[in-house]
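Chain by chain, the residues:
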Amino acid sequence: MPDLRQERAVQTRAQVLRAAAEEFAEKGFKSTSIQDVAKRVGMTKGAVYFHFPNKEILAIAVVEAHYSRWPELLEGILAEGHPPLDTVVRVLDGAAQAFATDIVVQAGARLQLERSLIDAELPQPYVGWTQLLAHLLTSAREAGELREGVDPEAAARALVSGFFGVQHVSDTLTGRADLLQRWPEFRDLAMASIRA
Ligand SMILES: CCC[C@@H]1OCC(CO)=C1C(=O)O
């Protein structure tokens, strides 16, 4: 018999995390209180503190949930067996979709922007994406898909900066409403410059 109490606790933690993501995405770290999160999820403050002893720990959990999306996304695309450069495009298109629609991803991005205001050890931003793309772009070079002279590490850094900039500009100007139009504009330019 599965431990129903354990199952309940896992569900409650997930509900609190989502409510916190909605609050953080909307108002930012400083303007969000545990009380706001509790009210949003329809629980007592004590119930929230049981899962997350303070707001900093809650912010870390939201940022970690944000980053947990990417290995899942990559796994699904790798299973489809596309050539490496096509995989790069699909992974970044998937990330754009997530930034446009996933409140946990949006909250994680905002918390990372506010990291200097948060007294917590948040994961270092951008490095995970850079390593992921550098690995795929190295495979693309080995498969002859990259233009002569394109360095996979440099291209990975440029793609991460470009993607970050596009989603940030879109968020600032339209709350990411135009992200799925704006992202392909940059993507097509960038891919044309590195494709063999
Ligand atoms: C794929 C671009 C990188 C991505 O853009 C926003 C953000 C949030 O911190 C990112 C990260 O930390 O890697």
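Owing to the predicted nature of the structure, the values given are computational and were not obtained by experimental measurement.

1. Some details on the side chain of Arg187
And then number 1: Here Arg187 shows up in helix H9 (residues 179-194).
And then number 2: Among the polar contacts listed, one links the side chain of Arg187 to the side chain of Asp93, at a separation of 3.0 Å.
And then number 3: Those residues within four positions of Arg187 in sequence are excluded, and the remaining contacts are Val89 and Asp93.

2. Points about the UniProt feature "domain: HTH tetR-type" (unreviewed entry) in the protein
And then number 1: Per the UniProt record, the feature "domain: HTH tetR-type" (unreviewed entry) sits at residues 10-70.
And then number 2: When the span residues 10-70 is considered, its composition is 80% helix and 0% strand, and the gap between its end C-alpha atoms is 21 Å.

3. Remarks on the pattern of salt bridges
And then number 1: Counted according to the given criterion, the structure contains 13 salt bridges.
And then number 2: Across the salt bridge formed by Lys27 and Glu23, the nearest N and O atoms sit 2.6 Å from each other. In this pair, Lys27 and Glu23 both sit in helix H1 (residues 4-27), four residues apart, roughly one turn of the helix.
And then number 3: With a relative accessible area of 6%, Glu23 lands in the buried category.
And then number 4: A salt bridge links Asp36 to Lys27, with the nearest nitrogen and oxygen atoms 3.1 Å apart.

4. Digging into the site of the ligand
And then number 1: Neighbouring the ligand are the residues Tyr67, Phe99, Ala109, Gln112, Pro125, Tyr126, Trp129, Val160, Phe163, Phe164 and Gln167.
And then number 2: Within the side chain of Tyr67, an N or O atom sits 2.5 Å from an oxygen atom of the ligand.
And then number 3: Here an oxygen atom of the ligand sits 3.1 Å away from a polar atom, N or O, in the main chain of Tyr126.
And then number 4: Elements with a minimum of two residues in the shell around the ligand: helix H6 (103-113) and helix H8 (152-174).
And then number 5: Residue contributions to the shell around the ligand peak at four residues, all from H8.
And then number 6: When the residues that make up the shell around the ligand are grouped by side-chain class, the tally is nine nonpolar, two polar and no charged.

5. Some thoughts on the packing of helix H4 (residues 55-78) against H6
And then number 1: Across the interface, H4 lies against H6 with an axial gap of 8 Å and an inter-helix angle of 120°. Between H4 and H6, the interaxial angle falls into the category oblique. Two packed elements cross with a definite hand, and for H4 against H6 that hand is left-handed. For the pair H4 and H6, contact is made by Ala59, Val62, Val63, Ala65, His66, Tyr67, Arg69 and Trp70 and by Val104, Val105, Ala107, Gly108, Ala109, Leu111 and Gln112, respectively.
And then number 2: Looking at the contact of H4 with H6 residue by residue, the classes come out as 11 nonpolar, three polar and one charged.

6. Some words on the environment of Ala155
And then number 1: Following the sequence through the fold, Ala155 ends up in helix H8.
And then number 2: Look at Ala155 and you get buried, because its relative accessible area is 9%.
And then number 3: Once the C-alpha coordinates of Ala155 and Thr87 are considered, the two residues, 68 residues apart in sequence, prove to be 15 Å apart.
And then number 4: Those residues in contact with Ala155 that lie beyond four places of it in its chain are Leu137, Val150 and Ile194.

7. Observations regarding unusual backbone geometry
And then number 1: Although it is not a glycine, Tyr126 sits at a positive phi angle of roughly 75°.
And then number 2: Along the chain, the position of Tyr126 falls in the loop between H6 and helix H7 (127-142).
And then number 3: Accessibility expressed as a relative area gives 37% for Tyr126, which makes it partly exposed.
And then number 4: A positive phi angle, close to 70°, is found at Arg176, a residue other than glycine.
And then number 5: Mapped onto the secondary structure, Arg176 falls in the loop between H8 and H9.

What counts and what doesn't
- Residues numbered from 1 in each chain as written.
- Predicted model: local features only at pLDDT ≥ 70, side-chain atom pairs only at ≥ 80, totals over all residues.
- Heavy atoms only, no water.
- Helix = DSSP H or I, 4+ residues; strand = E, 2+ residues; numbered from the N terminus.
- Polar contact = N/O pair within 3.5 Å; in protein donor to acceptor, adjacent residues only side chain to side chain.
- Contact = heavy atoms within 4.5 Å.
- UniProt positions renumbered as here; feature names shortened; annotations may be inferred.
- Salt bridge = Lys/Arg side-chain N within 4 Å of Asp/Glu carboxyl O.
- Buried < 20%, exposed > 50% of the residue type's maximum accessible area, 1.4 Å probe, protein only.
- Near = heavy atom within 4 Å.
- Nonpolar A, V, L, I, M, F, W, Y, C, P; charged D, E, K, R; others polar.
- Axes fitted to C-alpha atoms, helices over the stretch in contact; angles between N-to-C directions.
- Parallel < 35°, antiparallel > 145°, perpendicular 65-115°, else oblique.
- Left-handed = near helix turned anticlockwise from the far one by under 90°.

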